[in-house]
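# Examination of the molecular architecture
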Amino acid sequence: MRIYNTKTRSKEEFVPLEAGHAKIYVCGPTVYNYFHLGNARPFITYDTLRRYLEYTGMTVTYVQNFTDIDDKMINKANDEGITIRELADRYIEAYFHDADRLNIRRATIHPRATESMDTIIWLVKTLEEKGYAYETGGGVYFDVAKMDDYGKLSRRNLEELAFGASDRVDSNEEKKNSFDFALWKKKKPGEPSWPSPWGEGRPGWHIECSAMIKQHLGDTIDIHGGGQDLVFPHHENEIAQSECANAKPFVRYWMHNGFINIDQEKMSKSTGNFFLVRDLAQNYDYMVLRFFMLSGHYRMPINFSAELLSAAENGWERIQTCLDNLEFIAQAAPAKPDGEEALAAAQQLGKAMAQFKQAFIDAMDDDLNTADALAAIFELVRASNSAAAVAGLDRETILAARKLLIELLDVLGLYQEKSDEIPEDVMKLVNDRTAAKKARDFERADNLRDQITDKGYAVVDTPQGPKVSKA
RNA sequence: GGCACCAUAGCCAAGAGGUAAGGCAGAGGUCUGCAAAACCUUUAUCUCCAGUUCGAUUCUGGAUGGUGCCUCCA
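Definitions and cut-offs
- Residues numbered from 1 in each chain as written.
- Chains lettered and ligands numbered in written order.
- Predicted model: local features only at pLDDT ≥ 70, side-chain atom pairs only at ≥ 80, totals over all residues.
- Heavy atoms only, no water.
- Helix = DSSP H or I, 4+ residues; strand = E, 2+ residues; numbered from the N terminus.
- Expected span 1.5 Å × (residues − 1).
- Contact = heavy atoms within 4.5 Å.
- Pairing = 2+ DSSP bridges.
- Core = buried A, V, L, I, M, F, W, Y, C linked by side-chain atoms within 4.5 Å.
- Buried < 20%, exposed > 50% of the residue type's maximum accessible area, 1.4 Å probe, protein only.
- Polar contact = N/O pair within 3.5 Å; in protein donor to acceptor, adjacent residues only side chain to side chain.
- Salt bridge = Lys/Arg side-chain N within 4 Å of Asp/Glu carboxyl O.
- Axes fitted to C-alpha atoms, helices over the stretch in contact; angles between N-to-C directions.
- Left-handed = near helix turned anticlockwise from the far one by under 90°.
- Nonpolar A, V, L, I, M, F, W, Y, C, P; charged D, E, K, R; others polar.
- Arc of directions from axis to C-beta.

### Concerning helix α13 (residues 395-411)
Along an α-helix, residues three or four apart share an orientation, since each turn contains 3.6 residues. The end-to-end C-alpha distance of α13 is 24 Å, a good match for the 24 Å that 17 residues give at a rise of 1.5 Å each. Next to the buried residues of α13 lie α1 (37-55), α10 (306-331), α11 (340-365) and α12 (370-388). Just beyond α13, the residue with positive phi is Gly 413, at close to 70 degrees.

### With respect to the pairing of strand β14 (residues 457-462)
Across 6 bridges, β14 lies against strand β15 (residues 465-470) in antiparallel orientation. What sits directly across from Val 459, in β15, is Val 468. Following β14, the chain reverses through 2 residues before pairing antiparallel with β15.

### Notes on the nonpolar core
Core analysis: the biggest nonpolar cluster contains 143 residues, and Leu 37, Leu 49, Leu 53, Phe 360 and Ile 377 have the highest contact counts within it. Among the elements that line this core, the one with the most residues is α11, at 11 residues. When neighbours within four sequence positions are excluded, Leu 53 is seen to be in contact with Met 1, Phe 14, Ala 22, Ile 24, Met 58, Val 60 and Ile 223. Formed by 10 residues, the second largest nonpolar core is a distinct cluster that contains Val 426, Leu 448, Ile 452 and Val 459.

### Considering the side chain of Ser 193
Structurally, the position occupied by Ser 193 is in the loop between β7 (181-186) and β8 (201-203). Looking at Ser 193, its side chain comes within polar contact range of the side chain of Glu 200, at 2.4 Å. Ser 193 has contacts with Lys 187, Glu 200 and Gly 201, leaving out every residue within four places of it along the chain.

### Things to note about the pattern of salt bridges
Under the definition given, this model contains 33 salt bridges. Between Asp 47 and Arg 51 there is a salt bridge; the shortest N-O distance is 2.9 Å. Of this pair, Asp 47 and Arg 51 are both found in helix α1, 4 residues apart, which corresponds to roughly one turn of the helix. We classify Asp 47 as buried; its relative accessible area is 0%.

### Here's the deal with the packing of α10 against α12
When two helices pack together, their arrangement is given by the angle between the helix axes and the distance between those axes. In contact at an axis separation of 10 Å, α10 and α12 are set at 35 degrees when each is read in the N-to-C sense. In this structure, α10 crosses over α12, and the sense of that crossing is left-handed. Residues Gly 315, Arg 318, Ile 319, Cys 322, Leu 326 and Ile 329 of α10 pack against Ile 377, Phe 378, Val 381, Arg 382, Ser 384, Asn 385 and Ala 388 of α12. A class-by-class count of the residues in the contact of α10 with α12 yields 8 nonpolar, 3 polar and 2 charged.

### A look at helix α15 (residues 442-454)
Over its 13 residues, α15 extends 18 Å from the first C-alpha to the last, a length consistent with the 18 Å expected when each residue adds 1.5 Å. If you check which residues of α15 are buried, you get Ala 445, Leu 448 and Ile 452. Looking straight down α15, one finds its buried side chains confined to an arc of 65 degrees; they lie on one side. Of the exposed residues in α15, those oriented more than 90 degrees away from the buried face are Glu 443 and Asp 454. Of the surrounding elements, those touching the buried residues of α15 are α14 (424-438) and β14. Gly 456, located one to two residues past α15, shows a positive phi value of around 90 degrees.

Next up, the structure:
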């Protein structure tokens, strides 16, 4: 597949370092709160990437961290009077609660920053020994001037940075250069700390990712993903730390997703214009949220509004209805196509399946074009619905179409097995209604349908008989 | 001020140098006791101006508008 590499600003054929095995790292959440829809975007995007790579036959080692130590963590824990560990545990559990329902598969490893302290210290020490870092009264800083190609990912150089941001960056007396960043922060009263060669303290933010990558994936990885806002300085600094310490190329393909916007503005915790996934889930199925997210290309911004979510909900239901209908009509379908029309329909659907499966793959191959991939799925839905309307279509063809739909949906993480048995009392009402209809007692039939609706089920009439489903 | 990105129908959203996928909403129709679903039909010269080209919405330059990053941030 081709991947847009932020490093080269172009799409490149993805070839993992080790044939057939991709090593991926994604910046995970700082666990001091529930995550909002904007936070969910990278989780869903790179989960979909992983699913697709696996679909193409690759093995994927997928690491997504939890940042469980930083200023926000400390402040929140202090506010609530609990330990940072307790805070982290609570929101990690909350992360999995929402992520599981969004069908985000668990990473191969979900490391916590605080569990990589040895590697963090090793990295800082190595950087110091190699002359890339210096110690001050407050901590240890990375000396950006010592690195020749600092800024290569975001395409900035120090002169530009210094000129442009001179009035925005608070000058820290201790730092040689205002863009030097903390590798290690010495302990302040009331803060948690770990022992180190520089005394008690805690790691800077950027070094955590460098350490977890080194520890779990090695010095060079294939893909590093994250939000566009992390390009500078976070990922730039990761490169600086890792390449200077390890003396090896760090990341081969950098991927960055766009934002979720509200009224053309980035959804963001600090500005307060955000929607927590768990709150949205009160009104929308988690799968609708995922569908909504995948309906645009991952690098483009997505505007958020209730209207757009409703539109997504309707589109999503179209796919679900198709799946339901196929399953239903398969029950009574003949083993072989019955009649010429059915035979033609079966052949046509077979052709469509091959065509749209290829279209799906082509779309995903092209830098994870999920919008186009969904278009292929919708084409397949229409072809299936059309064929299904032909009486006498054989069970094998129907089930093959359904299976393919599920296969493709599953690559996007948009398929969840559901098992809803229809309770006996509902079935009895359905049967009574069928009898009433047969007797042309429509008033009674409608009354029975209302009763079924009241029980939370829906019944619709089809040429194959009544179809019941959970409403 | 610096560095990027974006601009396609009522809304959302793909897209290739040769006259525009798909979804939602709308309109008409078929089917149906009704309803729902489904199916069929229908709705765009792609922000503007130059340039390259036989031909650009797709490439180049410029303009305008919008967003992001440069400070925690997905």
